[in-house]
Amino acid sequence: MKEFFNSIFTSDFVYSVFRVTTPLLFASMGAVISDVAGVPNIALEGLMLIAAFAGMYFSFLTQSAFIGLLMALAAAVLFTGILAFFTLYYKTNIILGGIAINSLASGGTVFFLYLTAHDKGTSVALASKTLPVLRIPVIENIPVLGSILSGHNVLTYLSIFSVVFTYFLLKGTALGYHIRAVGEKKTAAESVGISVVRTQATALLLSGIMCGFGGAFMSMGYVSWFSRDMVSGRGWIALAAEAMGRQTAIGSAAASVLFGIADAFSNVAASMGLPSDLVKTIPYFATLMGLAVFSVKTYKRYKDA
């Protein structure tokens, strides 16, 4: 137990929290934008997985991490566009559409992984590229603080910016006002000339871009390869974080950090030799506990109202 606590109260542990929270921040911000617009995007998991594969494969083809990132974003936006098209123009149930994309991503990425790498497990046979790590001048030389804040993947810093971007998008821009208006009452928004379909489509595409960044980090930052179902439920955890954050950027980011801490705990426990099957359940158990607390508080609030 002493060894466990000694491993937690270190700068390396805090550094790892930033690292494992990165994809959760991106995905939860995507969930916030789409949910506020009234089109909950439950395809976060599948979109991140598609982006992770696209980023890995195209960085291998071009030997350029930047092009790999662009293609990861493009792939996520493409499939989000398909979801938006069928949901908004053909009135397909968005939940069923999201489930379809998640299922397609899980099986489809394995299929293309086998075609490209001749392996159904990982892409280690493909020499894909990784996105750069940034060293922050001056800060990197500060004891403790430097080892926590400096030396992260570029997408980790961008994930923090995504929280700021989402907050100001929804609170301080015309598009944000339109998104909120459409999500609160479509008929009222239409009465003042706001295009509901265009606004919701834009919100979904922005959600897809966030998922693209999160997926790219998984295969080009978190690790340097793609593996089968490597997103491992992070899209669903991001949805839980967004629900706990009450459709707000700051609240969802705080919940994402809590789940990131749970994930970092599981990594520490694994390094100490605890059973891997048990350790892997820690982030999901934390998610269930968080949702349970959130549900109880919500129920009491409505009961007292």
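Refer to the structure above for everything that follows.
Residues numbered from 1 in each chain as written. Predicted model: local features only at pLDDT ≥ 70, side-chain atom pairs only at ≥ 80, totals over all residues. Heavy atoms only, no water.

Another aspect to go through is the environment of Ile-139. Within the element layout of this structure, Ile-139 appears in the loop between strand E1 (133–134) and helix H6 (145–149). Residues Ile-139 and Leu-149 lie ten residues apart in sequence; the distance between their C-alpha atoms is 7.6 Å. In contact with Ile-139, other than residues within four places in its own chain, are Gly-146 and Leu-149. (Helix = DSSP H or I, 4+ residues; strand = E, 2+ residues; numbered from the N terminus. Contact = heavy atoms within 4.5 Å.)

Interaxial distance between helix H3 (residues 44–62) and helix H4 (residues 65–89) falls to 7 Å at its minimum, and their mutual angle equals 145°. As H3 runs across H4, the sense of the crossing is right-handed. Note on element contacts: H4 touches H3 through Ala-65, Ile-67, Gly-68, Met-71, Ala-72, Ala-75, Ala-76, Phe-79 and Thr-80, opposite Leu-47, Ile-50, Ala-51, Ala-54, Gly-55, Phe-58, Ser-59 and Thr-62. Per-class residue counts for the contact of H3 with H4 are twelve nonpolar, five polar and no charged. (Axes fitted to C-alpha atoms, helices over the stretch in contact; angles between N-to-C directions. Left-handed = near helix turned anticlockwise from the far one by under 90°. Nonpolar A, V, L, I, M, F, W, Y, C, P; charged D, E, K, R; others polar.)

Most often, soluble globular proteins have nonpolar side chains that are buried together. The biggest cluster of nonpolar side chains holds 68 residues, and the ones touching the most others in it are Ile-33, Leu-69, Leu-155, Ile-179, Phe-226 and Met-230. Where this core is concerned, the elements lending two or more residues are helix H2 (11–36), H3, H4, helix H5 (94–117), helix H7 (154–172), helix H10 (196–222), helix H11 (234–244) and helix H12 (249–271). Here this core gets twelve residues from one element, more than from any other, and that element is H10. Beyond its immediate sequence surroundings of up to four residues, Ile-33 is in contact with Thr-166, Leu-169, Ile-179, Ala-203, Leu-206 and Met-210. Judged by nonpolar contacts, the second largest core, of six residues, contains Leu-24, Ile-237, Ala-241 and Ala-255. (Core = buried A, V, L, I, M, F, W, Y, C linked by side-chain atoms within 4.5 Å. Buried < 20%, exposed > 50% of the residue type's maximum accessible area, 1.4 Å probe, protein only.)

Attention now moves to the packing of aromatic side chains. All chains considered together, the criterion is met by 13 aromatic pairs. Ring centres 5.6 Å apart and planes at 70° place the aromatic pair Tyr-57 and Phe-58 in the edge-to-face group. A residue is classified by how much of its surface remains accessible, and Tyr-57, at 21% relative accessible area, is partly exposed. Using a relative accessible area of 28% as the deciding quantity, one classes Phe-58 as partly exposed. Between the aromatic rings of Tyr-167 and Phe-168, the centroid separation amounts to 5.3 Å while the plane-to-plane angle is 90°, which identifies the pairing as edge-to-face. (Phe/Tyr/Trp six-rings, centres within 6.5 Å; stacked < 30°, edge-to-face > 60°.)

By secondary structure assignment, the location of Thr-156 is in helix H7. By relative accessible area, Thr-156 is classed as buried at 3%. Excluding residues within four positions of it along the chain, Thr-156 makes contact with Phe-18, Thr-22 and Phe-217.

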